[in-house]
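# Observations on the three-dimensional arrangement
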Amino acid sequence: MRAFEIQPVDMSMREAIQQKIDNLNKPKGSLGRLEDLAMQICLVQQTLSPKLTHPCHLLLGGDHGIEREGVSVSPRDVTWQQMINFTKGGGGVNMFCRQHGFKLRIVDVGVDHDLSDVPGIIDRKIARGTKNFLHEPAMSKAEFDQAIETGAELVDDCVAEGCNVLCIGEMGIANTSPSSIWMSLFGDIPLDECIGAGAGLDSPGIRHKYEVLSQALTRYKSNLSPHSTLYAPLIYFGGFEMVTAIGAMLRAAEQHILVLVDGFIMTACAVAAIRLYPAVQDYMIFTHCGDESGHRRMLDIVDAKPLLSLGLRLGEGTGALCAYPLIDSAVRMINEMNNFDNAKITKYF
């Protein structure tokens, strides 16, 4: 895996930023989380006058070998069918990208279908899906490295167009399964408390999912070397779209780009990225707590406070896109509100 140079945000401007926020013509602290967002964005950009430019959305597609074990109510064919649907503008992600002015990049990093000739899909396929981690590691170290590098390169493409705010979404049937295992491992949380319905499993389906994932996790732990690295669970359980997302998050932080973190799967990827490079969290805005069982507890692993709780569990990055107007409002607040002096209003605190 390439080495990233991710520095914690420089806090030397914090006092000046706070003074500007407090001097806006409003009661001190009265805009709550918007003030916190403005502080974070100013620190990331190292300016008193932040901007959001050319927002980009990466939608990453990949299939999972564990789907063969019946852990999802949806068959894997839905992955490639939805990827094609996205190119026609028919997905939830398309609607929200249009609404909020995001450039959408649809990327095949591991779909088990030939999409190479489909207009509108960027072909960065690593393999046609991961292997079944019930029996063997989902990917090789070389494939893991390729996925990380692919994520970094996709971010560089966005930055070349002037992007300084990035949203990442996913399309991959059964990807709540590796996310649940990562949650259990990184949060030291019992596996049964990390597993939910995914795309709509009933109670027997959830029990079956737990049994399959429990077997896989037991096998992984029994074969785990004492010299294993932090990458081991990412390689053994991860999806290509998930590892690519981690690479994108890390490169974005290295480039001082804001990263909007969406739902259960992307939160799992964010937690993994933070485990690798703790400073990456300075650049993340956790946007949404969804309906998937355990999402709130996974956010608690990194003490993240999401902006929204709308009950979404669509994936695709839709929760992050829905939260974008709040981020825009925070930037507008610090740039466009008048201050007490200019407004000739007595400052009463």
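Right, let's walk through the structure included here. (Residues numbered from 1 in each chain as written. Predicted model: local features only at pLDDT ≥ 70, side-chain atom pairs only at ≥ 80, totals over all residues. Heavy atoms only, no water.)

### Quick look at the sheet that holds strand 5 (residues 258-261)
Picture the strands of a sheet paired through backbone hydrogen bonds; they go either parallel or antiparallel. Taken in spatial order, the six strands line up as 3-2-1-4-5-6 in an open sheet, and their pairing is parallel. Each having just a single partner strand, strand 3 (121-123) and strand 6 (284-286) make up the two edges of the open sheet. Taking the axes of each pair of neighbouring strands and ignoring which way they run, one obtains an average angle of 30 degrees across the sheet. Summarising the sheet, strand 1 (residues 56-62) and strand 4 (residues 165-171) pair through six bridges and their orientation is parallel. In the sheet register, Leu59 faces strand 4, and the bridge partner there is Gly169. In this fold helix 2 (residues 32-45) packs onto strand 5 and strand 6, with an angle of close to 160 degrees to the strand it touches most, strand 6. Sheet strands in contact with helix 10 (residues 264-276) are strand 4, strand 5 and strand 6, and its direction is about 145 degrees off that of strand 6. (Pairing = 2+ DSSP bridges. Helix = DSSP H or I, 4+ residues; strand = E, 2+ residues; numbered from the N terminus. Axes fitted to C-alpha atoms, helices over the stretch in contact; angles between N-to-C directions. Contact = heavy atoms within 4.5 Å.)

### What to know about the packing of helix 1 (residues 14-22) against helix 2
With their axes 10 Å apart at the nearest point, helix 1 and helix 2 run at an angle of 140 degrees to one another. With respect to helix 2, the axis of helix 1 lies oblique. Our pair here, helix 1 against helix 2, has a crossing hand that is right-handed. Judged by residue contacts, Arg14, Ile17, Gln18 and Ile21 of helix 1 engage Glu35, Ala38, Met39, Cys42 and Leu43 from helix 2. (Parallel < 35°, antiparallel > 145°, perpendicular 65-115°, else oblique. Left-handed = near helix turned anticlockwise from the far one by under 90°.)

### Points about helix 1
Within helix 1, burial applies to Ile17, Ile21 and Asp22. All buried residues of helix 1 project into a common sector of 130 degrees when viewed along the axis, lining one side. Looking at the packing, one finds that the buried side of helix 1 touches helix 2, helix 12 (318-336) and helix 13 (340-343). (Buried < 20%, exposed > 50% of the residue type's maximum accessible area, 1.4 Å probe, protein only. Arc of directions from axis to C-beta.)

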